[in-house]
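Below, each chain spelled out in residue letters.
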Amino acid sequence: MLFIIQNLNMSWYMSFWSLLLLSLLSIIQLYMPLFEFSMQNTFFMNDNISSTLISLTFWISSMMLLASQFDIKISMNSSTKFSLCILILNFMLIMAFCMTNTLMFYFMFEASLIPTLMLILGWGYQPERLQAGMYMMLYTVSASLPLLLILLFANKSISCSSILYNFIVQVKIFNATSWSYMFFILFSFLAFLVKLPVFSVHLWLPKAHVEAPVAGSMILAAILLKLGSYGILRIYQYLNLQFSFSLTLFSALALWGGVLTSIICFRQIDLKSLIAYSSIGHMSLVLAGLFSNNPWGWMGALIMMIAHGFCSSALFMLANCVYEKTHTRSLYMVKGLLLSLPILSLWWFLFSAINMAVPPTINLLSEIMIFPAMMLFLKYLTLCLILMSFLAAVYSMYMYTLTQHGGNPKFLAPYGTFNSAKSTVLMLHWIPLNFFILKTELFLFV
Amino acid sequence: MLSILPFGFLFIVVLGFGTLFSLSSVHWLGIWAGLEINLIAFIPILVYSKGITSSESAVKYFIAQAMGSAFLILGSLIGFSPSFSWNFMDFSAHSYSISLLMVNLALILKMGAFPLHYWLPSVMAGLQWMSCLILVTWQKVAPVFLMMSFFEVSYMFWFALLMSLVGAGSSMVGGAGGIGQTQVRVLLAYSSIGHLGWIMFSIVFSSMAAKMYFFIYVLISVGIFLNLWILDAKNMISVKSFNQGFNINIVNILVLLISLAGLPPLLGFVSKMIVVMSCVNYDFIFILSFLILGSLMSLFYYLGLFFSLYFSCSSFLKIKSFVGGLKLILINTSILVINFLSALIITWLIGLF
């Protein structure tokens with residue numbers, strides 16, 4: 001099935017091709033006419049949410065290998081260990097996406113941190129990566145322990161840990177009218193809120209992105225953040241949550257935080273950090289969709305997850321191309337790329353446009369679905385949505401003009417390192433973003 | 001090397017005998033005598049390297065343990081006066097609680113848990129790796145298991161509360177003390193205090209969980225201390241300057257450190273999860289949060305050690321340059337495999353129920 005990763009110690013190209021092949025195979029699983037779980041066996045199941053995310057994982061992982069071909073493979077930077085690391089990470093993510101068992105889900109959710117840490121530590125560029133790794137570990141691990149408590153508590157009270165027994169959990173373990181219910185919700189979502197991340201617990205993400213190699217950034221933005229939102233979806237289903245005041249609180253925090261992070265984007269001088277903050281803004285939209293208690297919100301959140309996965313991964317890839325060309329990511333230095341690498345600036349244009357949700361892409365679809373859901377849920381937060389939508393357009397344009405226009409810096413070598421592999425990567429990010437709009441019933445699962 | 005000394009074997013046998021004698025006796029005199037025999041046999045093992053630091057540590061250790069034994073015998077004698085029986089099984093909840101308290105404080109002092117833990121890091125700082133290993137594993141067996149049996153004989157609420165507070169305090173101290181440490185031995189001593197806190201806490205709820213935790217802790221510590229023994233790492237600086245030859249050991253230590261920190265893909269997570277599972281239905285869940293806080297703080301210094309080790313092995317897995325022989329390779333690989341596989345399997349099994 002989908003979750004078998006063959007023979008772990010294979011060479012670079014073997015792992016690349018097998019990942020591509022697996023992503024092709026996983027497309028078979030994508031379409032499900034009904035909103036239902038399909039059990040593979042006692043331990044694995046998938047539904048619409050997880051099967052799309054599994055396809056995304058395979059796809060992005062193969063793109064990661066292709067994207068870091070120059071960094072790792074050509075420059076002989078321990079490529080076997082790198083591909084091994086990615087395969088292990090991939091395995092853990094796939095397992096996390098299709099577990100029926102809450103404990104195993106938690107196990108895999110946490111286990112995916114270790115290969116990510118290895119990626120950041122082993123193939124990052126600067127000595128600050130130690131601090132970034134420490135931030136990432138401490139933030140996510142400390143936030144996830146309350147979740148473990150909740151899960152064990154739920155397991156004890158219904159004597160079963162299958163995710164599919166969701167209706168029993170709600171009856172058994174809590175009383176929605178009590179004041180402790182709010183803390184209960186906080187505890188059960190804190191792990192995912194940090195992983196997502198929402199504003200105020202987001203500090204680890206820009207650090208990790210800045211220090212990670214290109215593959216690390218890609219998987220961090222594309223999959224690991226999605227793991228957080230996937231966890232929210234699953235735990236929401238599992239605990240059968242009703243409306244609670246704390247959900248309102250989280251949505252307000254996330255959306256106002258999204259506005260703030262969009263503003264913070266303007267103050268960044270590091271290209272990767274800018275993209276990281278923009279992805280925090282987008283993830284806050286996902287969170288708003290999830291917490292809106294509305295099927296449209298959920299569908300929109302799923303689409304936003306996929307769209308943001310492709311788009312931000314491509315943006316990190318572009319930032320890496322710029323870095324390989326100019327050896328800096330500082331926005332003061334990276335200028336005038338339109339003159340030196342016009343093909344790259346075409347891709348910059350396309351992905352900046354996608355980042356601000358232009359019409360044929362699924363980003364726009366997701367925003368269209370999240371906005372009304374959010375308006376129905378809390379009409380006052382419409383202001384945030386308007387601001388974020390506007391600011392996303394502004395910082396995408398800002399990023400584009402700042403890097404592409406203006407004069408060349410003097411130290412820029414006239415030849416480019418842009419090759420067809422990179423074009424392929426970017427093209428393979430661009431196609432699903434634009435063509436999934438023709439097959440949106442993949443995501444409209446209700 | 002201890003193993004080639006003629007008296008090493010003798011003292012290790014006596015060491016084991018003392019603990020077993022203490023654990024299997026029902027009489028207070030036997031318990032006390034077993035602990036003393038254990039102490040007598042352990043002192044020569046501490047000083048076998050004839051260094052000044054290890055003899056200093058041995059003296060400190062001796063003072064702490066002798067004090068603990070004295071309090072133990074005193075507490076049991078106080079308990080003798082109401083029941084006129086010096087039998088362990090009659091040491092019931094209705095005897096003086098002061099005697100119960102005193103005996104337990106003696107055991108806490110002997111194992112080095114929270115309020116009376118101060119001797120442990122400074123003793124560990126001066127010892128050889130082998131002695132450290134015995135100190136954090138086998139020397140804990142007698143106090144921990146005695147405590148477990150006290151708890152089964154005389155269950156009282158204040159006693160349970162005391163034990164879990166001691167556990168929480170140990171975990172916090174173990175977490176806070178290790179931060180900023182530069183010596184690996186002291187760091188591992190604090191980590192041992194922290195894990196002891198978890199064990200003490202789990203005694204209250206299920207002795208099975210405590211045994212499981214203890215067993216897993218011993219398994220991981222054996223791996224770590226053996227590898228550090230081979231590398232002979234004294235402090236963080238020397239950890240950084242290992243040459244490239246010893247790399248498989250470093251990989252082992254890396255994995256086991258993560259396991260000791262209790263992160264999910266490894267076995268250390270399972271032990272913590274079992275403890276949490278055993279206490280999740282009781283009222284002490286608030287105290288558990290302190291334990292978790294302590295283990296988070298210890299995660300900080302484990303990660304610090306992890307980072308400095310990680311960068312000392314830029315090209316790891318050169319098995320041909322392994323030092324230590326086939327037996328150690330077998331031990332290491334088996335510990336690693338156990339760490340990886342059993343964590344998955346146990347989590348899965350627990351999930352089935």
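Residues numbered from 1 in each chain as written. Chains lettered and ligands numbered in written order. Predicted model: local features only at pLDDT ≥ 70, side-chain atom pairs only at ≥ 80, totals over all residues. Heavy atoms only, no water.

**Description of the interface of chain A and chain B**
On the chain B side, the residues contacting the 33 residues of chain A number 31 residues. Summing both partners gives a buried area of about 3100 Å² for chain A against chain B, and 86% of it is carried by carbon and sulfur. Put simply, chain A and chain B have zero salt bridges between them. Applying the counting criterion to the chain A and chain B interface returns zero residue pairs in polar contact (both at pLDDT 80 or more). The set of elements that each furnish at least two residues to the side of chain A that touches chain B consists of α4 (79–97), α5 (102–111), α6 (113–123) and α7 (129–158) of chain A. With 14 residues, the top contributor of residues to the side of chain A that touches chain B is α7 of chain A. Among the residues making up the side of chain A that touches chain B, the classes are represented as 23 nonpolar, six polar and four charged. (Contact = heavy atoms within 4.5 Å. Buried area = accessible area lost by both parts, 1.4 Å probe. Salt bridge = Lys/Arg side-chain N within 4 Å of Asp/Glu carboxyl O. Polar contact = N/O pair within 3.5 Å; in protein donor to acceptor, adjacent residues only side chain to side chain. Helix = DSSP H or I, 4+ residues; strand = E, 2+ residues; numbered from the N terminus. Nonpolar A, V, L, I, M, F, W, Y, C, P; charged D, E, K, R; others polar.)

**Brief notes about the pattern of salt bridges**
Going through the model one piece at a time under the given rule, you end up with four salt bridges over all chains. The residue Asp-47 of chain A makes a salt bridge to Arg-234 of chain A at a minimum N-O spacing of 2.7 Å. In this pair, Asp-47 of chain A sits in the loop between β2 (45–46) and α2 (48–67) while Arg-234 of chain A sits in helix α11 (residues 214–239), placing the two residues 187 residues apart along the sequence. Of the two residues, Asp-47 of chain A and Arg-234 of chain A, neither departs from the other in class, the shared state being buried. The shortest N-O distance in the salt bridge between Glu-56 of chain B and Lys-60 of chain B comes to 3.3 Å. Separated by four residues within a single helix, Glu-56 of chain B and Lys-60 of chain B lie in helix α3 (residues 52–83), roughly one turn from each other. The exposure class of Lys-60 of chain B is partly exposed, given its relative accessible area of 31%. (Buried < 20%, exposed > 50% of the residue type's maximum accessible area, 1.4 Å probe, protein only.)

**Side note on the confidence of the model for chain A**
Close inspection of predicted coordinates is inappropriate in any region flagged by low pLDDT. Residues with a pLDDT of 70 or more make up 91% of chain A, whose mean pLDDT is 84. A low-confidence stretch, residues 1–9 of chain A stays under pLDDT 50, and its non-local contacts, those more than four residues away or across chains, total 22 contacts. (pLDDT = per-residue confidence, 0-100.)

**Points about helix α9 (residues 180–195) of chain A**
All names here are of chain A. Between its terminal C-alpha atoms α9 stretches 24 Å, which fits the 22 Å expected from 16 residues at 1.5 Å a residue. The sharpest bend along α9 measures roughly 45 degrees and falls at Phe-189. The complete set of buried residues in α9 reads Tyr-181, Phe-184, Ile-185, Ser-188, Phe-189, Ala-191, Phe-192, Leu-193, Val-194 and Lys-195. (Expected span 1.5 Å × (residues − 1). Bend = angle between axes of the 7 residues up to and from the residue.)

**A closer look at the side chain of Asn-90 of chain A**
Residue and element names in this part refer to chain A. Tracing the backbone shows Asn-90 in helix α4. The class for Asn-90 is buried, based on a relative accessible area of 0%. Not counting residues up to four positions away in its chain, the partners in contact with Asn-90 are Leu-19, Thr-57, Phe-58 and Ser-61.

**Thoughts on the confidence of the model for chain B**
Residue and element names in this part refer to chain B. A residue-level look at chain B finds 85% of positions with pLDDT of 70 or above and a mean pLDDT of 81. Contacts from residues 315–323, a stretch scored under 50 in pLDDT, to residues over four places away or in other chains number 18 contacts. The ipTM value of the predicted complex is 0.82, and its pTM value is 0.86.

**Considerations on the nonpolar core**
Residue and element names in this part refer to chain A. Grouped together as the largest cluster of nonpolar side chains are 286 residues, with contacts concentrated most on Phe-189 and Trp-348. Looking at this core, the element that brings in the most residues is helix α14 (residues 295–326), giving 19 residues. In this structure Trp-348 touches Leu-271, Leu-315, Leu-318, Ala-319, Val-322, Leu-337, Met-399, Tyr-400 and Gln-404, once residues within four positions along its chain are discounted. (Core = buried A, V, L, I, M, F, W, Y, C linked by side-chain atoms within 4.5 Å.)

**Some remarks on the packing of helix α13 (residues 271–290) of chain A against helix α18 (residues 382–404) of chain A**
All names here are of chain A. Contact geometry of α13 with α18 gives a least axis separation of 11 Å together with a crossing angle of 160 degrees. When the interaxial angle is binned, α13 and α18 end up roughly antiparallel. As for the relative orientation of α13 and α18, their crossing is left-handed in sense. Across from Leu-271, Leu-274, Ile-275, Ser-278, Gly-281, His-282, Ser-284 and Leu-285 in α13, the residues of α18 making contact are Leu-385, Met-388, Tyr-395, Tyr-398, Met-399 and Thr-403. In terms of residue class, the contact of α13 with α18 is built from nine nonpolar, five polar and no charged. (Axes fitted to C-alpha atoms, helices over the stretch in contact; angles between N-to-C directions. Parallel < 35°, antiparallel > 145°, perpendicular 65-115°, else oblique. Left-handed = near helix turned anticlockwise from the far one by under 90°.)

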